[in-house]
Amino acid sequence: MTPDFAQSYVYVVALAIVGVGFVFATLGISRLLQLRHPYAEKLSPYECGVEPLIGDSWSPFSVRYYIYALLFVIFDVEAVFVYPWALIFRSLGKTGFAEMMIFIAVLLFGLLYAWAKGALEWQ
Amino acid sequence: MSNAIISLITVFGVLVVALSVSAGLIWLERRLLALWQDRYGPNRVGPFGLLQVLADMIKILSKEDWVPPFADAAVFVIAPAVIIVPVLLTFAVITYAPGVAVADLNVGLLFFLAMSSLTVYGVVLAGWASDSKYSLLGSMRAAAQMLSYEVFMSLSLMGVVMLAGSFDLKNIVEAQKGLWYAVPQFSGMLIFLTAGIAETRRLPFDLPEAEGELVAGFHAEYSGMKFALFFVEEYLGITLISVLISVLFLGGWEGPLLPPLAWLAVKTLFFICFFILLRATFPRPRYDQLMSFGWKVMLPLALANLVVTGGILLAVR
């Protein structure tokens, strides 16, 4: 790790600190300027003006979301393998290209399998 | 040492410019939408209504900004920071003109992809901490949509990486001296633009916030300045995607006559206006249509773009 390399990240961290500082500074200024008038209706969850319906809002959600999360894990991790390949593509030549074609074919087969199984349908 | 001072000035410069551009975009969006919908828009405060932004800022700073008693207070307060900081950080790795960058990382593009994954956390934390049914539904939608569109967002950029042979945004711009990548990578640009709209949750892909059905989605329970921060993030996101398209596909600061920064600004402004035009013209699709469009059309297209780019590069070599 060259000092130059480490130095670049110092400024990225600096911007992160300044960014967090900005968020909490504006929230702090706003806190000083605002008036507060809480009352019962205001303190209930917003459900278009009607009384909140029965039931916890931290309730079970549709399993479809979970399937998309699984698909994401599979495909995004595989996409990560493409990054270094794309970077040194020119020096890899024909062999590298053929290897990646096999990999993408496997990836595509996985997608077609999920498609055929109905994992991409929203029922 | 003087380098350090220059870089620190750039840190604050990027923060101030990014935030003021995103504030100015609120005015621009309202004026342009008004133009396309045949009405006036804000035109009372200051010249062309420009001071409307200032008036809105003063107003929203003095608005009651409460933490709902039913919410998870700590997460509720942190969520706006979690969503805004990754977007700001991406502005750090962009080279705006030769020598003008906070940090010239050799993995700039990778850094952007990593940061764009992190914004999902902010959305989910905000929706989950609110403990409101609309918020939870909105954040679930947002998470699934942003994850799905992220898969091919990264794949669509690999064509550019193959052509330039670098993840460094500066090198990518310099590699476009002869020919902008918008020509050889036109399909890649369209795929990236589509993914970018979905990542910033803008119309026509604004289903997480769909005000007709979910009120405001994951930020329905937010008010005052915390609510405003979500909007700052949205406009920062639009600016970021526009800058990135200009840098990756339209030659960044390259251009005749005008100074480099002006060229980048012109190209960025063009895409920002395009984002607003999309909002003015497109209806919102159904959620199942959105998801199947991403997985069944865009992902195979992104893979095909990769294969074809690789094949042509090998053939002409």
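Everything below is about the structure printed above this text.
The residue count restarts for each chain, going from 1 along the sequence in the order it is written. For this description, chains carry letters from A and ligands carry numbers from 1, given in the order in which they are written. In keeping with the predicted nature of the model, local features appear solely for residues at pLDDT of at least 70, side-chain atom pairs appear and are counted solely at 80 or more, and the whole-chain, interface and lining totals rest on all residues. As a rule here, side-chain values come from all non-hydrogen atoms in the structure, and water together with hydrogens is ignored.

Draft legend 1. Fine view of the overall build of chain B. Counting its regular elements, chain B contains eleven helices and zero strands. For the purposes of this entry, the term helix denotes a DSSP run of H or I that reaches at least four residues, the term strand denotes a run of E that reaches at least two, and both are numbered from the N terminus. For chain B, the α and β elements follow one another from N to C terminus as α-α-α-α-α-α-α-α-α-α-α. Taking 2.2 N^0.38 as the reference for a compact globule, 317 residues should give roughly 20 Å; the C-alpha atoms of chain B span a radius of gyration of 20 Å, in line with that estimate. For chain B, the spread of C-alpha atoms along the three principal axes comes to 65 × 45 × 45 Å. Exposure is judged per residue with a 1.4 Å probe applied to protein chains only, and the accessible area is read against the type maximum: over 50% gives exposed, under 20% gives buried, and values in between give partly exposed. The 317 residues of chain B split such that 60% are buried. Contact definition: two residues touch when any of their heavy atoms are within 4.5 Å. When contacts within chain B are restricted to residue pairs at least 6 apart in sequence, long-range pairs at least 24 apart make up 77% of them. To be clear on the numbers: accessible area is Shrake-Rupley with a 1.4 Å probe, and residue cover counts the displayed protein chains and nothing else. Within the structure as shown, chain B displays about 12000 Å² of accessible surface, and the carbon and sulfur contribution to it stands at 71%. Asp and Glu count as negative and Lys and Arg as positive, but His and the ends of the chain are not part of the count. Taken as the charge centre is NZ of Lys, CZ of Arg, CG of Asp or CD of Glu, depending on the residue. Taken as two groups, the 19 positive and 21 negative side-chain charges of chain B have centres that lie 6 Å from each other. We compute the radius of gyration from the C-alpha atoms alone; for a globule the expected value is 2.2 Å times N to the 0.38, where N is the number of residues.

Draft legend 2. Region of interest: the interface of chain A and chain B. With 65 residues of chain A at the interface, the matching set in chain B holds 77 residues. Each partner contributes to the roughly 6500 Å² buried at the junction of chain A and chain B, and carbon and sulfur atoms together form 76% of this total. Any carboxyl oxygen of Asp or Glu that lies within 4 Å of a side-chain nitrogen of Lys or Arg is treated as forming a salt bridge with it. Scanning the region where chain A abuts chain B turns up zero salt bridges. Polar contact is defined as a pair of N or O atoms within 3.5 Å, subject to the rule that within protein one atom must be able to donate a hydrogen and the other to accept it, and that residues adjacent in sequence are counted only when both atoms are side-chain atoms. Joining chain A to chain B, the criterion identifies seven residue pairs in polar contact (both at pLDDT 80 or more). Of all the secondary-structure elements, those providing two or more residues to the side of chain A that touches chain B are helix H1 (3-33), helix H2 (63-87) and helix H3 (89-116) of chain A. With 19 residues, the single largest contributor to the side of chain A that touches chain B is H1(A). Under the grouping applied here, Gly and all other residues not named as nonpolar or charged are polar, the nonpolar ones being Ala, Val, Leu, Ile, Met, Phe, Trp, Tyr, Cys and Pro and the charged ones Asp, Glu, Lys and Arg. When the residues that make up the side of chain A that touches chain B are grouped by side-chain class, the tally is 46 nonpolar, eleven polar and eight charged. Summed over both partners, the accessible area (1.4 Å probe) lost when two parts come together is defined as the buried area.

Draft legend 3. Representation of the layout of surface pockets in the model. In this analysis, the protein atoms alone were mapped onto a 1 Å grid. Cavities are point sets where a 1.4 Å probe fits without being able to get out; pockets are open sets with protein on both sides within 12 Å along at least five of seven lines; lining residues have an atom within 4 Å of a point. Grid points are joined across faces, edges and corners, and a volume is the space filled by probe spheres set on the points. Of the volumes computed, that of the largest pocket is approximately 980 Å³. Together, 37 residues line the largest pocket, and B:Ile26, B:Ala228, B:Phe231, B:Val232 and B:Tyr235 are the ones closest to its centre. Counting residues per element, the ones that place at least two in the lining of the largest pocket are H1 of chain A together with helix H1 (2-36), helix H2 (52-61) and helix H9 (224-249) of chain B. When residues in the lining of the largest pocket are grouped by element, the largest group, nine residues, is from H1(B). Looking at the lining of the largest pocket, its residues break down into 20 nonpolar, four polar and 13 charged.

Draft legend 4. Looking closely at unusual backbone geometry. All names here are of chain B. Non-glycine residue Asp 38 carries a positive phi angle of around 60°. Position of Asp 38 among the secondary structure elements: in the loop between H1 and H2. Of note in the backbone geometry, Phe 48 takes a positive phi value of approximately 55° without being a glycine. Note on placement: Phe 48 falls in the loop between H1 and H2.

Draft legend 5. Focus on the packing of helix H5 (residues 133-164) of chain B against helix H11 (residues 287-316) of chain B. Residue and element names in this part refer to chain B. Here an axis means a line fitted to C-alpha atoms, over the contact stretch when the element is a helix, while the angle between two N-to-C directions is reported on a 0 to 180 degree scale. At a minimum axis separation of 9 Å, H5 and H11 run at an interaxial angle of 10°. With respect to H11, the axis of H5 lies roughly parallel. Along this stretch, H5 crosses H11, giving a crossing that reads as left-handed. The residue makeup of the contact of H5 with H11, split by class, is 20 nonpolar, eight polar and one charged. Roughly parallel covers angles under 35 degrees, roughly antiparallel covers those over 145, roughly perpendicular covers 65 to 115, and oblique covers all other angles. Crossing handedness is defined as follows: a turn of the near helix away from the far one that is anticlockwise and smaller than a right angle gives a left-handed crossing, while the clockwise case is right-handed.

Draft legend 6. Fine view of empty space enclosed by the protein. All names here are of chain B. Counted by the stated rule, this structure contains one cavity of 30 Å³ or more. Each pocket or cavity is described by its volume, and for the largest cavity that value is around 160 Å³. As for the largest cavity, its lining consists of 17 residues, of which Val 87, Ser 116, Thr 119, Thr 200 and Leu 240 are closest to the centre. Among the secondary structure elements, those contributing two or more residues to the lining of the largest cavity are helix H3 (73-93), helix H4 (108-130), H5 and H9. Broken down by element, the lining of the largest cavity gets its largest block of residues, five residues, from H9. Taken together, the residues that form the lining of the largest cavity break down as eight nonpolar, five polar and four charged.

Draft legend 7. Up close: a nonpolar patch on the surface. All names here are of chain B. Patch building starts from residues that exceed 30% relative accessible area and form no salt bridge, then joins like charges within 9 Å and nonpolar side chains (Val, Leu, Ile, Met, Phe, Trp, Tyr) within 5 Å. A cluster of nonpolar side chains, contributed by Leu 51, Leu 54, Met 57 and Ile 58, occupies part of the molecular surface with about 380 Å² of accessible area. Locating Leu 51 in the fold gives a position in the loop between H1 and H2. When its relative accessible area of 42% is taken as the criterion, Leu 51 is described as partly exposed.

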